[in-house]
Amino acid sequence: DGRHVAFVAMDDVYVVSLPPVGLEAVEVDLARPAMPLRRLTTDGGGYVSWTEGGRTLTWSYANVVYRQRLEDKDGPTATAVTATYATRFGTSLTR
């Protein structure tokens, strides 16, 4: 939606509200943020992506995929992912 940015810092996922800015870069201080900042993980996360037109953030950690709607304050929902793939030795199952 252009009003938020999600990023990974020190292996955790954050989302921050962006003020209207010009051409200058915005620096986010995790210890003393100048704008609203939410830390979404404490155990780590990566592969951050937006869905639902910028209303929901997704990320993964190990074999779990998380979804967090920005307006939901209760925390993310988690879905365990099971992937199967064929190898030259047979089929592998990862959890």
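Now for a description of the structure that goes with this document.

Conventions used here
- Residues numbered from 1 in each chain as written.
- Predicted model: local features only at pLDDT ≥ 70, side-chain atom pairs only at ≥ 80, totals over all residues.
- Heavy atoms only, no water.
- Pairing = 2+ DSSP bridges.
- Helix = DSSP H or I, 4+ residues; strand = E, 2+ residues; numbered from the N terminus.
- Phe/Tyr/Trp six-rings, centres within 6.5 Å; stacked < 30°, edge-to-face > 60°.
- Buried < 20%, exposed > 50% of the residue type's maximum accessible area, 1.4 Å probe, protein only.
- Salt bridge = Lys/Arg side-chain N within 4 Å of Asp/Glu carboxyl O.

**Examining the pairing of strand β4 (residues 46–51)**
Pairing analysis gives 4 bridges linking β4 to strand β5 (residues 56–61), with the strands arranged antiparallel. Following the sheet pairing, S49 is matched in β5 by T58. Taking the residues that link successive antiparallel strands as the turn, the β4-β5 hairpin has 4 residues, and the phi of E52 there is positive, at about 50 degrees.

**Points about the packing of aromatic side chains**
Both the distance between ring centres and the angle between the ring planes are used here to describe each pair of aromatic rings. By the definition in use, this model includes 2 aromatic pairs. Taking the centre distance of 5.4 Å and the plane angle of 10 degrees together, the rings of F7 and Y14 count as stacked. On the basis of relative accessible area, Y14 is assigned to the buried category, the value being 6%.

**Some remarks on the pattern of salt bridges**
Across all of its chains, the model carries 5 salt bridges by this definition. Note that D12 and R39 form a salt bridge whose closest N and O atoms lie 2.5 Å from each other. Of the two residues, D12 is situated in strand β2 (residues 12–17) and R39 in strand β3 (residues 37–39); the sequence distance between them amounts to 27 residues. Residue class for D12 comes out buried when judged on its relative accessible area of 5%. Between E52 and R69 there is a salt bridge, with the nearest N and O atoms lying 3.0 Å from each other. Note that E52 is positioned in the loop between β4 and β5 and R69 in strand β6 (residues 64–69), a separation of 17 residues in sequence. For E52, a relative accessible area of 33% puts it in the partly exposed group. Looking at R69, the relative accessible area reads 28%, which means it is partly exposed. Connected through shared salt-bridge partners, E52, R67, R69 and E71 make up one network.

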